[in-house]
Amino acid sequence: MAQNFHSNSQLPLDISPAISRIAKPSFEFYSLFSEEEVLGIIHALEVRREIPLKYSYKERGAKIWDDFYLKYAIPRWYGRANVEIDLLKDNFKYLNGNIKNGEKVNIIDVGAGNSYPVKRFIRRLNKLGKVNKYIALDISEELLYLSKNNFKKWFPLIEFISSTIDIESNCVPKTLFQNQASLEMDDTAKIFLHLGVTIGNHQNREEVFKNFRDSMGKNDFLVFTNETGSNSKWDGIVRGGCKYHVEEVYGWVKKKIGIKSEDCELVRKYDFKTDSIVANLKLRHDYTINFSQMGIDKNIEISKGEEITIWRHHKYEIPKLLQELERSGLQLIHYTTNKYKSHIMVICKVASN
(Lines give C-alpha, C1' and ligand atoms only; values in the text may rest on other atoms or scores of the structure.)
Protein backbone atom coordinates (compact mmCIF):
# COMPACT_ATOMS: atom_id res chain seq x y z
CA MET A 1 0.00 0.00 0.00
CA ALA A 2 1.29 3.42 -0.92
CA GLN A 3 2.25 5.69 1.98
CA ASN A 4 1.24 9.32 2.16
CA PHE A 5 3.67 11.90 3.58
CA HIS A 6 2.90 15.33 4.91
CA SER A 7 4.80 18.17 3.28
CA ASN A 8 6.81 18.74 6.45
CA SER A 9 7.77 15.10 6.83
CA GLN A 10 11.46 14.29 7.28
CA LEU A 11 12.71 12.29 4.31
CA PRO A 12 15.49 9.75 4.91
CA LEU A 13 18.74 11.00 3.39
CA ASP A 14 20.63 8.53 1.21
CA ILE A 15 23.60 10.89 0.89
CA SER A 16 25.16 12.32 4.04
CA PRO A 17 26.75 15.77 3.91
CA ALA A 18 30.34 15.64 2.70
CA ILE A 19 32.86 15.88 5.52
CA SER A 20 35.80 18.12 4.80
CA ARG A 21 39.14 16.41 5.27
CA ILE A 22 41.77 18.34 7.18
CA ALA A 23 45.35 18.83 6.01
CA LYS A 24 47.93 20.12 8.47
CA PRO A 25 51.27 21.20 7.01
CA SER A 26 54.12 19.18 8.50
CA PHE A 27 56.65 20.35 11.09
CA GLU A 28 59.24 20.30 8.28
CA PHE A 29 57.05 22.74 6.33
CA TYR A 30 57.32 25.38 9.04
CA SER A 31 61.03 24.74 9.52
CA LEU A 32 61.66 25.36 5.81
CA PHE A 33 59.89 28.68 5.40
CA SER A 34 59.99 32.04 7.11
CA GLU A 35 56.78 33.58 8.42
CA GLU A 36 56.75 35.89 5.38
CA GLU A 37 57.04 32.90 3.02
CA VAL A 38 54.29 30.96 4.81
CA LEU A 39 52.02 34.00 4.53
CA GLY A 40 52.96 34.21 0.84
CA ILE A 41 51.92 30.59 0.32
CA ILE A 42 48.64 31.20 2.16
CA HIS A 43 47.95 34.27 0.01
CA ALA A 44 48.72 32.39 -3.22
CA LEU A 45 46.40 29.54 -2.17
CA GLU A 46 43.60 31.91 -1.24
CA VAL A 47 43.80 34.26 -4.20
CA ARG A 48 44.78 32.03 -7.11
CA ARG A 49 44.82 28.45 -5.79
CA GLU A 50 48.57 28.05 -6.24
CA ILE A 51 51.62 26.88 -4.32
CA PRO A 52 54.36 28.71 -6.24
CA LEU A 53 56.96 26.39 -7.73
CA LYS A 54 59.83 28.49 -6.35
CA TYR A 55 59.15 27.16 -2.84
CA SER A 56 59.68 23.55 -3.92
CA TYR A 57 63.43 24.09 -4.39
CA LYS A 58 64.04 24.14 -0.66
CA GLU A 59 65.26 21.24 1.50
CA ARG A 60 64.82 17.93 -0.33
CA GLY A 61 63.44 19.91 -3.28
CA ALA A 62 67.01 20.99 -4.02
CA LYS A 63 68.10 17.38 -4.39
CA ILE A 64 65.03 16.65 -6.52
CA TRP A 65 66.06 19.42 -8.93
CA ASP A 66 69.74 18.47 -8.90
CA ASP A 67 68.92 14.80 -9.59
CA PHE A 68 66.57 15.76 -12.42
CA TYR A 69 69.14 18.07 -13.99
CA LEU A 70 72.03 15.62 -13.74
CA LYS A 71 69.93 12.79 -15.15
CA TYR A 72 68.10 14.55 -17.96
CA ALA A 73 69.88 17.82 -18.80
CA ILE A 74 73.64 17.27 -18.64
CA PRO A 75 75.23 16.54 -22.05
CA ARG A 76 76.51 12.98 -22.50
CA TRP A 77 79.31 11.58 -24.58
CA TYR A 78 76.80 9.56 -26.61
CA GLY A 79 75.06 12.62 -28.00
CA ARG A 80 72.64 14.20 -25.58
CA ALA A 81 72.85 17.97 -25.88
CA ASN A 82 71.91 20.75 -23.49
CA VAL A 83 70.00 23.58 -25.13
CA GLU A 84 71.16 26.26 -22.69
CA ILE A 85 74.82 25.30 -22.77
CA ASP A 86 74.66 25.36 -26.56
CA LEU A 87 72.91 28.75 -26.61
CA LEU A 88 75.52 30.22 -24.27
CA LYS A 89 78.18 28.86 -26.61
CA ASP A 90 76.44 30.43 -29.61
CA ASN A 91 76.21 33.81 -27.84
CA PHE A 92 79.71 33.80 -26.38
CA LYS A 93 81.19 35.81 -29.25
CA TYR A 94 78.55 38.53 -28.92
CA LEU A 95 78.86 38.86 -25.14
CA ASN A 96 82.65 38.69 -25.13
CA GLY A 97 82.80 41.20 -27.96
CA ASN A 98 80.80 43.70 -25.93
CA ILE A 99 83.09 43.53 -22.92
CA LYS A 100 85.52 46.43 -23.24
CA ASN A 101 89.11 45.49 -24.02
CA GLY A 102 91.17 44.92 -20.92
CA GLU A 103 88.14 44.92 -18.62
CA LYS A 104 86.53 42.16 -16.59
CA VAL A 105 82.90 41.35 -15.73
CA ASN A 106 81.02 40.13 -12.71
CA ILE A 107 78.71 37.18 -13.40
CA ILE A 108 75.47 37.34 -11.40
CA ASP A 109 73.64 34.03 -11.75
CA VAL A 110 70.04 34.51 -10.56
CA GLY A 111 68.42 31.15 -9.92
CA ALA A 112 71.86 29.55 -10.02
CA GLY A 113 70.71 26.07 -9.05
CA ASN A 114 73.72 23.75 -9.26
CA SER A 115 75.61 26.17 -11.62
CA TYR A 116 76.15 23.50 -14.28
CA PRO A 117 74.71 25.57 -17.17
CA VAL A 118 77.35 28.30 -16.74
CA LYS A 119 80.39 26.04 -16.32
CA ARG A 120 81.66 26.09 -19.93
CA PHE A 121 80.72 29.72 -20.47
CA ILE A 122 82.72 30.88 -17.44
CA ARG A 123 85.62 28.61 -18.34
CA ARG A 124 85.92 30.31 -21.74
CA LEU A 125 85.68 33.81 -20.25
CA ASN A 126 88.14 32.91 -17.51
CA LYS A 127 90.73 31.69 -20.01
CA LEU A 128 90.61 35.19 -21.49
CA GLY A 129 91.02 36.74 -18.05
CA LYS A 130 87.55 38.31 -18.20
CA VAL A 131 85.92 37.02 -14.99
CA ASN A 132 86.15 39.21 -11.89
CA LYS A 133 83.81 37.24 -9.61
CA TYR A 134 80.79 34.96 -9.68
CA ILE A 135 77.71 35.74 -7.60
CA ALA A 136 75.22 32.88 -7.19
CA LEU A 137 71.70 33.84 -6.12
CA ASP A 138 68.80 31.52 -5.41
CA ILE A 139 65.75 31.21 -3.19
CA SER A 140 67.13 27.90 -1.86
CA GLU A 141 70.07 27.77 0.56
CA GLU A 142 70.43 24.08 -0.28
CA LEU A 143 70.90 24.84 -3.97
CA LEU A 144 73.41 27.55 -3.14
CA TYR A 145 75.37 24.96 -1.16
CA LEU A 146 75.44 22.73 -4.24
CA SER A 147 76.44 25.70 -6.38
CA LYS A 148 79.33 26.60 -4.11
CA ASN A 149 80.67 23.04 -3.95
CA ASN A 150 80.55 22.71 -7.73
CA PHE A 151 81.94 26.14 -8.54
CA LYS A 152 84.86 26.04 -6.10
CA LYS A 153 85.80 22.63 -7.51
CA TRP A 154 85.76 23.95 -11.09
CA PHE A 155 87.19 27.43 -10.47
CA PRO A 156 89.05 27.57 -7.14
CA LEU A 157 90.72 30.88 -8.00
CA ILE A 158 87.57 32.85 -8.92
CA GLU A 159 85.89 34.73 -6.09
CA PHE A 160 82.55 33.13 -5.23
CA ILE A 161 79.73 34.97 -3.46
CA SER A 162 76.24 33.64 -2.75
CA SER A 163 73.03 34.96 -1.24
CA THR A 164 69.38 33.94 -1.03
CA ILE A 165 66.97 36.07 -3.03
CA ASP A 166 63.45 35.85 -4.42
CA ILE A 167 63.72 37.77 -7.69
CA GLU A 168 59.92 37.92 -7.95
CA SER A 169 59.85 40.09 -4.85
CA ASN A 170 63.23 41.82 -4.68
CA CYS A 171 65.96 43.49 -6.69
CA VAL A 172 69.49 42.16 -6.44
CA PRO A 173 71.03 43.87 -3.35
CA LYS A 174 73.64 46.42 -4.36
CA THR A 175 75.71 45.46 -1.30
CA LEU A 176 76.69 42.31 -3.22
CA PHE A 177 78.61 44.56 -5.63
CA GLN A 178 80.78 46.08 -2.92
CA ASN A 179 84.47 45.27 -2.80
CA GLN A 180 85.11 43.15 0.28
CA ALA A 181 88.17 45.10 1.44
CA SER A 182 87.18 48.73 0.90
CA LEU A 183 83.38 48.39 0.87
CA GLU A 184 83.38 50.75 -2.09
CA MET A 185 80.95 49.98 -4.91
CA ASP A 186 82.38 47.76 -7.61
CA ASP A 187 81.45 49.44 -10.90
CA THR A 188 82.67 46.48 -12.98
CA ALA A 189 80.19 45.67 -15.76
CA LYS A 190 77.85 42.82 -14.92
CA ILE A 191 76.25 39.97 -16.84
CA PHE A 192 73.01 38.93 -15.13
CA LEU A 193 72.05 35.35 -16.03
CA HIS A 194 68.56 33.91 -15.56
CA LEU A 195 68.75 30.48 -17.14
CA GLY A 196 66.82 27.22 -16.87
CA VAL A 197 63.88 28.70 -18.85
CA THR A 198 62.96 30.00 -15.40
CA ILE A 199 61.34 33.23 -16.59
CA GLY A 200 58.48 31.10 -17.94
CA ASN A 201 57.84 29.62 -14.48
CA HIS A 202 57.24 32.94 -12.72
CA GLN A 203 53.72 33.99 -11.90
CA ASN A 204 54.51 37.67 -12.53
CA ARG A 205 57.11 37.80 -15.30
CA GLU A 206 56.97 41.58 -15.76
CA GLU A 207 57.68 42.15 -12.08
CA VAL A 208 60.77 39.94 -12.43
CA PHE A 209 61.93 41.94 -15.45
CA LYS A 210 61.42 45.20 -13.52
CA ASN A 211 63.45 43.86 -10.60
CA PHE A 212 66.26 43.01 -13.00
CA ARG A 213 66.06 46.45 -14.60
CA ASP A 214 66.31 48.13 -11.20
CA SER A 215 69.35 45.98 -10.36
CA MET A 216 71.25 46.85 -13.54
CA GLY A 217 73.56 49.66 -14.61
CA LYS A 218 73.80 51.13 -18.10
CA ASN A 219 76.72 48.85 -19.06
CA ASP A 220 75.16 45.64 -17.75
CA PHE A 221 73.52 42.79 -19.65
CA LEU A 222 70.60 40.54 -18.78
CA VAL A 223 70.76 37.12 -20.43
CA PHE A 224 67.84 34.70 -20.08
CA THR A 225 66.44 31.64 -21.80
CA ASN A 226 62.96 30.35 -22.44
CA GLU A 227 60.92 28.15 -24.70
CA THR A 228 59.26 29.70 -27.72
CA GLY A 229 55.96 28.99 -29.40
CA SER A 230 52.23 29.01 -28.75
CA ASN A 231 51.18 27.58 -25.40
CA SER A 232 47.64 26.87 -26.60
CA LYS A 233 49.00 24.50 -29.26
CA TRP A 234 50.45 22.16 -26.63
CA ASP A 235 50.13 18.59 -27.90
CA GLY A 236 49.31 17.18 -24.47
CA ILE A 237 52.43 15.02 -24.39
CA VAL A 238 54.32 15.47 -21.13
CA ARG A 239 58.08 15.54 -21.44
CA GLY A 240 61.12 17.03 -19.74
CA GLY A 241 60.38 19.09 -16.65
CA CYS A 242 56.62 18.81 -17.22
CA LYS A 243 56.97 15.07 -16.68
CA TYR A 244 59.90 14.23 -14.45
CA HIS A 245 60.26 17.33 -12.31
CA VAL A 246 56.50 17.75 -11.91
CA GLU A 247 56.07 14.20 -10.59
CA GLU A 248 58.62 14.85 -7.86
CA VAL A 249 57.17 18.28 -6.99
CA TYR A 250 53.70 16.70 -6.74
CA GLY A 251 54.97 14.22 -4.16
CA TRP A 252 56.82 16.97 -2.29
CA VAL A 253 53.73 19.20 -2.07
CA LYS A 254 51.43 16.41 -0.87
CA LYS A 255 53.84 15.46 1.90
CA LYS A 256 54.56 18.99 3.09
CA ILE A 257 50.94 20.23 3.03
CA GLY A 258 49.48 16.99 4.40
CA ILE A 259 47.13 15.91 1.60
CA LYS A 260 46.72 12.15 1.26
CA SER A 261 47.66 10.60 -2.09
CA GLU A 262 44.30 8.86 -2.43
CA ASP A 263 42.51 12.21 -2.05
CA CYS A 264 44.04 13.92 -5.09
CA GLU A 265 45.35 13.46 -8.60
CA LEU A 266 47.88 15.17 -10.86
CA VAL A 267 46.45 17.07 -13.85
CA ARG A 268 48.52 18.71 -16.59
CA LYS A 269 46.80 21.06 -19.03
CA TYR A 270 46.82 24.34 -20.91
CA ASP A 271 45.49 27.18 -18.77
CA PHE A 272 43.79 29.84 -20.90
CA LYS A 273 43.74 32.49 -18.16
CA THR A 274 47.55 32.56 -17.77
CA ASP A 275 48.37 31.30 -21.28
CA SER A 276 50.61 28.68 -19.70
CA ILE A 277 51.03 24.94 -19.38
CA VAL A 278 50.28 24.04 -15.77
CA ALA A 279 50.45 21.03 -13.50
CA ASN A 280 47.71 21.03 -10.89
CA LEU A 281 46.88 19.00 -7.81
CA LYS A 282 43.16 18.21 -8.18
CA LEU A 283 41.23 17.34 -5.03
CA ARG A 284 38.83 14.39 -4.92
CA HIS A 285 37.24 15.56 -1.67
CA ASP A 286 36.53 18.78 0.18
CA TYR A 287 39.59 19.84 2.12
CA THR A 288 40.46 22.29 4.86
CA ILE A 289 44.14 23.24 4.99
CA ASN A 290 44.92 24.34 8.53
CA PHE A 291 47.92 26.63 9.07
CA SER A 292 48.46 26.87 12.83
CA GLN A 293 52.06 27.71 13.74
CA MET A 294 54.30 30.82 13.84
CA GLY A 295 51.39 32.68 15.40
CA ILE A 296 49.36 32.01 12.25
CA ASP A 297 45.84 30.61 12.60
CA LYS A 298 44.30 30.26 9.16
CA ASN A 299 41.99 27.74 7.52
CA ILE A 300 41.67 27.59 3.75
CA GLU A 301 38.63 25.74 2.43
CA ILE A 302 39.08 24.03 -0.93
CA SER A 303 36.18 22.17 -2.52
CA LYS A 304 36.13 18.80 -4.20
CA GLY A 305 37.14 19.18 -7.84
CA GLU A 306 39.17 22.36 -7.30
CA GLU A 307 42.77 22.42 -8.49
CA ILE A 308 45.94 23.84 -6.94
CA THR A 309 48.66 24.86 -9.40
CA ILE A 310 52.07 23.49 -8.37
CA TRP A 311 54.02 24.06 -11.63
CA ARG A 312 53.61 26.46 -14.52
CA HIS A 313 55.45 27.26 -17.72
CA HIS A 314 54.84 29.98 -20.28
CA LYS A 315 56.31 29.87 -23.79
CA TYR A 316 57.03 33.15 -25.54
CA GLU A 317 56.08 34.36 -28.97
CA ILE A 318 58.50 37.14 -29.92
CA PRO A 319 55.96 40.01 -30.21
CA LYS A 320 54.62 39.25 -26.72
CA LEU A 321 58.13 39.02 -25.31
CA LEU A 322 59.02 42.42 -26.77
CA GLN A 323 55.91 43.93 -25.19
CA GLU A 324 56.76 42.57 -21.74
CA LEU A 325 60.34 43.80 -21.99
CA GLU A 326 59.28 47.26 -23.14
CA ARG A 327 56.74 47.63 -20.33
CA SER A 328 59.48 46.62 -17.87
CA GLY A 329 62.02 49.20 -19.05
CA LEU A 330 64.31 46.73 -20.81
CA GLN A 331 65.55 46.75 -24.38
CA LEU A 332 66.24 43.60 -26.40
CA ILE A 333 69.57 44.01 -28.16
CA HIS A 334 70.30 40.48 -29.38
CA TYR A 335 68.72 37.02 -29.45
CA THR A 336 69.27 33.60 -31.00
CA THR A 337 67.27 30.39 -31.13
CA ASN A 338 68.37 26.79 -31.23
CA LYS A 339 68.21 24.90 -34.52
CA TYR A 340 64.69 23.64 -33.81
CA LYS A 341 63.50 27.16 -32.88
CA SER A 342 62.06 25.70 -29.68
CA HIS A 343 64.27 27.72 -27.30
CA ILE A 344 65.52 31.28 -27.28
CA MET A 345 68.37 33.13 -25.56
CA VAL A 346 67.69 36.84 -25.10
CA ILE A 347 70.22 39.57 -24.28
CA CYS A 348 68.89 42.86 -22.90
CA LYS A 349 70.08 46.18 -21.54
CA VAL A 350 68.31 48.89 -19.59
CA ALA A 351 66.22 50.90 -22.04
CA SER A 352 67.82 54.24 -22.86
CA ASN A 353 64.60 56.20 -22.42
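Structure first, text after, so check above.
Residues numbered from 1 in each chain as written. Predicted model: local features only at pLDDT ≥ 70, side-chain atom pairs only at ≥ 80, totals over all residues. Heavy atoms only, no water.

Caption draft 1: Structural view of the side chain of H202. With respect to the helices and strands, the residue H202 is situated in the loop between β5 (189-194) and α8 (205-215). There is a polar contact of 3.0 Å between the side chain of H202 and the side chain of H194. (Helix = DSSP H or I, 4+ residues; strand = E, 2+ residues; numbered from the N terminus. Polar contact = N/O pair within 3.5 Å; in protein donor to acceptor, adjacent residues only side chain to side chain.)

Caption draft 2: Main features of the packing of α8 against helix α10 (residues 318-327). Orientation of α8 relative to α10, taken along the N-to-C sense of each, is 50 degrees, at an axis distance of 9 Å. When the axis of α8 is compared with that of α10, the two are oblique. Judged by the twist between their axes, the crossing of α8 over α10 is right-handed. Judged by residue contacts, R205, E206, F209 and K210 of α8 engage L321, E324, L325 and R327 from α10. Across the contact of α8 with α10, the residue classes break down as three nonpolar, no polar and five charged. (Axes fitted to C-alpha atoms, helices over the stretch in contact; angles between N-to-C directions. Parallel < 35°, antiparallel > 145°, perpendicular 65-115°, else oblique. Left-handed = near helix turned anticlockwise from the far one by under 90°. Contact = heavy atoms within 4.5 Å. Nonpolar A, V, L, I, M, F, W, Y, C, P; charged D, E, K, R; others polar.)

Caption draft 3: Just the nonpolar core, in detail. L281 and F291 are the most contacted members of the largest nonpolar core, which totals 42 residues. Elements represented by at least two residues in this core include exactly α1 (27-32), α2 (35-48), α3 (60-72), α9 (244-257), β8 (276-283), β9 (287-291), β10 (298-302) and β11 (307-313). Of all the elements, α9 adds the most residues to this core, at six residues. Setting aside anything within four residues of it in sequence, one finds F291 in contact with P25, F29, Y30, V38, I42, L45, I296, D297, K298 and I300. One finds I107, Y134, F160 and L195 within the second-largest nonpolar core, a separate group that totals 28 residues. (Core = buried A, V, L, I, M, F, W, Y, C linked by side-chain atoms within 4.5 Å. Buried < 20%, exposed > 50% of the residue type's maximum accessible area, 1.4 Å probe, protein only.)

Caption draft 4: Here's a closer look at the sheet that holds strand β7 (residues 264-271). In space, the three strands of this open sheet follow the order β7-β8-β11, with antiparallel pairing throughout. The open sheet has two edge strands with one neighbour each: β7 and β11. Between one strand and the next, the sheet's axes are offset by a mean angle of 25 degrees, whatever the strand orientation. Pairing of β7 with β8 involves eight bridges; the strand directions are antiparallel. The residue of β8 that forms the bridge with Y270 is I277. Sitting on the sheet, α9 is in contact with β7, β8 and β11, with an inclination near 130 degrees to β7. (Pairing = 2+ DSSP bridges.)

Caption draft 5: Inspection of the packing of aromatic side chains at higher detail. Under the criterion given, the structure shown has 19 aromatic pairs. Measuring from centroid to centroid gives 6.5 Å for W154 and F155, while their planes differ by 80 degrees, and the two rings are edge-to-face. Among the aromatic residues, those joined into a cluster by ring pairs are Y57, W65, F68, Y69, Y116, Y134, F151, W154, F155 and F160. Sitting over the face of the ring of F92, R124 holds its NZ or CZ atom 3.9 Å from the ring centroid. (Phe/Tyr/Trp six-rings, centres within 6.5 Å; stacked < 30°, edge-to-face > 60°. Lys NZ or Arg CZ within 6 Å of the ring centre and 35° of its normal.)

Caption draft 6: Fine view of the environment of E84. With respect to the element layout, E84 can be found in helix α4 (residues 83-90). For E84, a relative accessible area of 8% translates into the label buried. Sequence separation between E84 and M345 is 261 residues, and the spatial gap between their C-alpha atoms is 8.0 Å. Setting aside residues no more than four positions away along its own chain, E84 makes contact with P117, L195, G196, V197, T225 and M345.

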